[in-house]
Amino acid sequence: MNMREDTLIPKVGVITDVRIDTPDIKTFRVVTPDGKKAFDHRPGQCAMLSIPGVGEAMFSITSSPTNTEYMEFSIKKCGCVTEWLHQAEVGQQLTIRGPYGNPFPVDDVFAGKNMLFIAGGVGLAPLRSVINYCRHYRDRYGDIDIVYGSRSKDDLLDYKEIIEEWSNDAGVKVHLTIDNPQEGWNGHVGFVPNYVKELNFDTNKTAVLCGPPIMIKFTLEGLCSMGFDKTQIYTTLELRMKCGVGKCGRCNVGSKYVCKDGPVFRCDELDELPDEY
Amino acid sequence: MRKLSLENINKLFAAVAEDKTLYLPVDQSDGSAKYSKWAEGTVWSNALNTVRSPKDLFFPQTEDLMEFKTEGKNIEVIDIRKESEDFVIFGVRACDVKSFEVLDRVFLSEPVDSYYASRREHAVIVSLACSRPSETCFCTTFGIDAINPEGDVSAWKTATDIYFKANTEKGEEFLASIEALTEESDDTAVNEQKAKTADIMKKLPLADLTTDSFGGGKTEELWNNPVWDEFSQTCLGCGTCTFVCPTCQCYDIKDFDTGNGVIRYRCWDSCMYSEFTRMAHGNNRLTQKERFRQRFMHKLVYYPENNGGLFSCVGCGRCLSKCPISMNIAKVMRKIGGDK
Ligand SMILES: Cc1cc2nc3c(=O)[nH]c(=O)nc-3n(C[C@H](O)[C@H](O)[C@H](O)COP(=O)(O)OP(=O)(O)OC[C@H]3O[C@@H](n4cnc5c(N)ncnc54)[C@H](O)[C@@H]3O)c2cc1C
Ligand code: SF4
Ligand code: SF4
Ligand code: FES
């Protein structure tokens with residue numbers, strides 16, 4: 001039979017590494033059975049992973065496109081597919097399809113800009129792809145500030161990479177925070193939106209926000225009160241998805257489908273959409 | 001124009017069914033009509049329209065997409081797709097013909113849905129002009145011409161004969177295949193009937209319903225309209241309106257363990273259901289008001305915004321006759337648009 005390809009039919013992938021990041025987030029390295037990257041992607045794009053019989057779910061590709069060997073996914077345990085993946089071992093196969101969505105405009109809009117990345121919890125997953133892309137092409141971007149917070153020290157994703165790699169890069173400043181004081185933590189304590197206000201950034205930056213809806217809401221308000229314009233701020237939306245290509249009708253906000261018109265939106269574009277996300 | 005006496009209609013069906021599967025409306029024991037496969041002895045229904053729309057033939061209620069075999073940690077993906085066989089859908093009303101265009105813009109836009117595309121490519125659509133439109137019909141509201149239906153072939157049925165005109169290459173081929181049974185005819189009888197039907201259309205209760213208040217770019221204006229609150233109060237969230245609707249295309253993807261592998265299938269879903277958008281961190285459409293609003297805003301504002309002004313309602317009236325609480329899109333349009 002000679003039918004055209006269909007995006008709903010996935011490829012087989014295999015887990016080649018599992019890293020325990022936090023009590024409920026693990027990072028999985030995935031390649032095809034012959035050891036290649038399943039497909040190319042741009043920073044901010046997503047993929048559908050599935051375990052047949054368990055289900056399919058959408059995840060940000062957290063590794064940068066500049067990594068030509070494999071893809072990584074940081075996955076938080078919260079339901080059928082994610083729980084199943086959390087007990088999977090190296091060598092386990094899964095299915096993968098994508099890439100889906102609109103990426104961050106890293107090569108045009110972001111080029112030459114000072115970048116401010118702000119993430120909360122597992123919200124670092126989509127940003128890590130952009131951050132590592134900007135680090136890879138370091139001379140194309142200005143200063144990089146990264147504000148990242150989570151509940152506790154143990155809940156910080158990619159901690160080792162942040163401390164050993166990001167913090168040592170020239171022109172990259174990392175500002176970590178946790179919600180409550182904790183033994184062995186001498187960094188900042190407090191919620192991300194307040195920390196961003198305290199840091200009182202210069203408005204000559206392009207900001208990228210990702211995290212729980214409540215964090216996004218307050219951080220966005222904070223940035224605007226500091227003088228940022230919404231056209232300088234990008235974020236990603238997360239809605240329930242099934243097809244990933246604007247056909248199953250599930251993920252729309254007004255006339256936009258988050259799976260194909262998003263998940264990356266500029267904050268002034270969000271203002272044009274009805275408040276239903 | 002080609003003509004055939006209705007006395008010989010079964011000869012035509014038999015000829016068509018010789019090399020293509022033929023679907024047409026057939027009366028069911030419960031009094032409704034349903035698109036069914038023609039076989040010797042099948043009687044073509046006289047009903048105005050079927051309860052379920054012909055979208056079933058392109059986008060079935062459930063459909064297997066692929067299979068998986070798993071062994072230990074290994075997974076094999078099995079492509080179970082088969083090219084569709086050639087088939088003919090006979091007697092499709094103008095509203096339903098238009099619904100195919102609405103679905104095409106979703107399923108045939110990139111990346112093309114191969115399941116839908118295969119059926120669509122292999123189908124010949126023979127439409128049928130209306131002569132007895134009912135009080136729930138409002139296709140004219142959406143610019144659809146019930147007496148001149150589109151499709152590969154258009155057909156008109158009078159008391160004694162049926163007339164055919166081809167509109168596409170596929171349609172020409174279809175008429176060529178039944179040429180021996182039909183004869184050339186002028187369009188006098190057809191025109192007489194068209195004039196009569198046009199008169200009835202003008203007097204229908206929904207004849208004055210307009211789309212003036214709707215279309216792309218109206219989201220902000222209509223989003224906070226009190227109608228959503230008021231009209232959704234009694235909505236049961238049963239989803240009947242979405243299932244009978246020829247243009248509703250939302251689907252779910254699920255896995256089924258056969259004991260000997262896993263089948264991944266899709267099935268119709270409904271934006272009227274509370275589970276539709278539920279996520280790990282909450283639900284962005286918490287109450288029936290939001291779901292109700294989604295259904296109508298999609299058809300009247302979002303879809304036209306994304307599709308050059310084409311509405312995603314064809315005025316078939318199915319939801320008008322089937323909603324258990326008598327709620328429907330025409331009521332919503334009237335309420336918002338005022339009684340104009
Ligand atoms: C664009 C996008 C990017 C994303 N990126 C990431 C990412 O990088 N990392 C990440 O971790 N997540 C990400 N997500 C979220 C991820 O897709 C969801 O967490 C995932 O779909 C959950 O799938 P699941 O099968 O594990 O959960 P499901 O089983 O579908 O459960 C979803 C919710 O329903 C509840 N639930 C499940 N079954 C039942 C039941 N029977 N009764 C009652 N409640 C039930 C669960 O508790 C959970 O709250 C992303 C989502 C989107 C849309
Ligand atoms: S919304 Fe109602 S009238 Fe419009 S196409 Fe759907 S079922 Fe028909
Ligand atoms: S058929 Fe009527 S009651 Fe059922 S979901 Fe539709 S509008 Fe609501
Ligand atoms: S996930 Fe299907 S429309 Fe967006």
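Fair warning: this is a prediction, and the values are worked out from it, not measured in the lab.

Procedures and definitions
Residues numbered from 1 in each chain as written. Chains lettered and ligands numbered in written order. Predicted model: local features only at pLDDT ≥ 70, side-chain atom pairs only at ≥ 80, totals over all residues. Heavy atoms only, no water. Helix = DSSP H or I, 4+ residues; strand = E, 2+ residues; numbered from the N terminus. Expected span 1.5 Å × (residues − 1). Buried < 20%, exposed > 50% of the residue type's maximum accessible area, 1.4 Å probe, protein only. Contact = heavy atoms within 4.5 Å. Salt bridge = Lys/Arg side-chain N within 4 Å of Asp/Glu carboxyl O. Nonpolar A, V, L, I, M, F, W, Y, C, P; charged D, E, K, R; others polar. Pairing = 2+ DSSP bridges. Axes fitted to C-alpha atoms, helices over the stretch in contact; angles between N-to-C directions. Near = heavy atom within 4 Å. Polar contact = N/O pair within 3.5 Å; in protein donor to acceptor, adjacent residues only side chain to side chain. Areas by Shrake-Rupley, 256 points an atom, 1.4 Å probe, with all protein chains shown as cover. Domains from an automatic or database assignment. Buried area = accessible area lost by both parts, 1.4 Å probe. Phe/Tyr/Trp six-rings, centres within 6.5 Å; stacked < 30°, edge-to-face > 60°.

A few words on helix H2 (residues 124-136) of chain A. All names here are of chain A. Across its 13 residues, H2 extends 18 Å between first and last C-alpha, which sits within 8% of the 18 Å expected from 1.5 Å per residue. For H2, a buried count of 12 out of 13 residues is recorded, marking the element as mostly surrounded by other parts of the structure. For H2, the full list of buried residues reads Leu-124, Ala-125, Pro-126, Leu-127, Arg-128, Ser-129, Val-130, Ile-131, Asn-132, Tyr-133, Cys-134 and Arg-135.

What follows deals with the interface of chain A and chain B. With 47 residues of chain A at the interface, the matching set in chain B holds 51 residues. Applying the counting criterion to the chain A and chain B interface returns six salt bridges. Of the charged contacts in the structure, one is a salt bridge between Arg-250 of chain A and Asp-252 of chain B, with a shortest N-O distance of 3.9 Å. Residue assignment for the side of chain A that touches chain B shows that the elements contributing at least two residues are strand E3 (46-51), strand E4 (55-60) and strand E6 (93-100) of chain A. In terms of residue count, the dominant contributor to the side of chain A that touches chain B is E6 of chain A (four residues). Of the residues that constitute the side of chain A that touches chain B, the class distribution is 20 nonpolar, 14 polar and 13 charged.

With that settled, the discussion passes to the sheet that holds strand E10 (residues 188-189) of chain A. Residue and element names in this part refer to chain A. Within the open sheet, the seven strands sit side by side as E10-E9-E8-E7-E11-E12-E15. Their pairing is mixed. Unpaired on one side and paired on the other, E10 and strand E15 (264-266) mark the two borders of the sheet. Relative to strand E12 (residues 233-236), strand E11 (residues 205-210) runs parallel, the two sharing three bridges. Bridge pairing in E12 places Ala-207 opposite Ile-233. Across the sheet, helix H5 (residues 213-225) is in contact with strand E7 (114-120), E11 and E12; its angle to E11 comes to roughly 160°.

A separate point is the site of ligand 2. All names here are of chain B. The environment of ligand 2 is made up of 13 residues, and the closest members are Cys-245, Cys-313, Cys-316, Gly-317 and Cys-319. Residue assignment for the shell around ligand 2 shows that the elements contributing at least two residues are helix H9 (288-306) and helix H10 (318-322). In terms of residue class, the shell around ligand 2 is built from eight nonpolar, two polar and three charged.

Near ligand 1 there are 19 residues, and of these Met-58, Ser-74, Lys-76, Cys-80 and Thr-82 of chain A occur at the shortest range. One finds residues of chains A and B in close proximity to ligand 1. Between ligand 1 and the protein, one listed contact pairs an oxygen atom with a backbone N or O atom of Met-58 of chain A at 2.6 Å. Within the backbone of Val-81 of chain A, one N or O atom sits 2.9 Å away from an oxygen atom of ligand 1. For ligand 1, the protein covers 70% of the area, taking 990 Å² as the surface of the free molecule. Going through the elements one at a time, E4, strand E5 (71-76) and helix H1 (80-86) of chain A are the ones with two or more residues in the shell around ligand 1. It is E4 of chain A that provides the largest number of residues to the shell around ligand 1, a total of four residues. Taken together, the residues of the shell around ligand 1 break down into 12 nonpolar, four polar and three charged.

Now for the domain arrangement of chain A. All names here are of chain A. Under the domain assignment, chain A is made up of domain 1 (11-100) and domain 2 (114-236). If you average the C-alpha positions of domain 1 and of domain 2, the two centres end up 24 Å apart. Each partner contributes to the interface: domain 1 provides 21 residues, whereas domain 2 provides 17 residues. For the pair domain 1 and domain 2, the summed buried area comes to about 1400 Å², and 54% of that belongs to carbon and sulfur atoms. The largest per-residue losses of area from domain 1 upon contact with domain 2 belong to Pro-43, Thr-62 and Thr-66, which jointly make up 30% of the total buried on that side. Viewed at the interface, domain 2 and domain 1 are joined by three salt bridges. Linking Glu-72 and Arg-128 is a salt bridge whose minimum nitrogen-to-oxygen distance equals 2.7 Å. Counting across the interface, domain 1 meets domain 2 through seven residue pairs in polar contact (both at pLDDT 80 or more). Going through the elements one at a time, strand E2 (25-31) and E5 are the ones with two or more residues in the side of domain 1 that touches domain 2. Looking at which element gives the most residues to the side of domain 1 that touches domain 2, the answer is E5, with three residues.

The subject of this paragraph is the domain arrangement of chain B. One widely used convention gives an interface's size as the accessible area the parts lose upon coming together. Residues and elements named next belong to chain B. Entries for chain B in the domain assignment read domain 1 (2-63 + 72-202) and domain 2 (219-336). Taking only C-alpha atoms into account, the centre of domain 1 sits 26 Å from that of domain 2. Of the residues lining the interface, 33 residues belong to domain 1; the matching set on domain 2 comes to 31 residues. Interface of domain 1 and domain 2: buried area, both sides summed, is about 2700 Å²; carbon and sulfur atoms make up 65% of it. Contact with domain 2 buries area across many residues of domain 1, yet Val-102, Phe-138 and Phe-142 alone supply 22% of it, more than any other trio. Joining domain 1 to domain 2, the criterion identifies three salt bridges. Residue Asp-113 pairs with Arg-266 through a salt bridge whose shortest N-O separation is 2.8 Å. Across the contact surface, domain 1 and domain 2 share 15 residue pairs in polar contact (both at pLDDT 80 or more). Taken together, the elements giving at least two residues each to the side of domain 1 that touches domain 2 come down to strand E4 (62-71), helix H2 (94-107) and helix H3 (114-121). Here the element with the most residues in the side of domain 1 that touches domain 2 is H2; it accounts for 10 residues.

Moving on, we get to the packing of aromatic side chains. Residue and element names in this part refer to chain B. If you walk through the whole model with that rule in mind, you get 23 aromatic pairs over all chains. With 5.9 Å between their ring centres and 90° between their planes, Phe-13 and Trp-44 make a pair best called edge-to-face. Of this pair, Phe-13 sits in helix H1 (residues 9-19) while Trp-44 is found in the loop between strand E3 (33-37) and E4, placing the two residues 31 residues apart along the sequence. Pair check on accessibility: Phe-13 and Trp-44 agree, each one buried. Members of the aromatic cluster, joined through ring pairs, are Tyr-23, Phe-58, Phe-59, Phe-87, Phe-100, Phe-107, Tyr-116, Phe-243, Tyr-251, Trp-268 and Tyr-273.

Attention now moves to the pairing of E3 of chain A. All names here are of chain A. Most of E3 is tucked away, with six of its six residues classed as buried. By the alternation rule, side chains of E3 split into Cys-46, Met-48 and Ser-50 and Ala-47, Leu-49 and Ile-51, which are all buried. Where E3 and E4 come together, six bridges link them in antiparallel fashion. Bridged to Leu-49 within E4 is Ala-57. Here E3 folds back onto E4, and the loop between the two strands holds three residues, one of which, Gly-53, carries a positive phi near 95°. Two strands pair when backbone bridges link them, and E3 and E6 are joined in this way by four bridges, in the antiparallel orientation.

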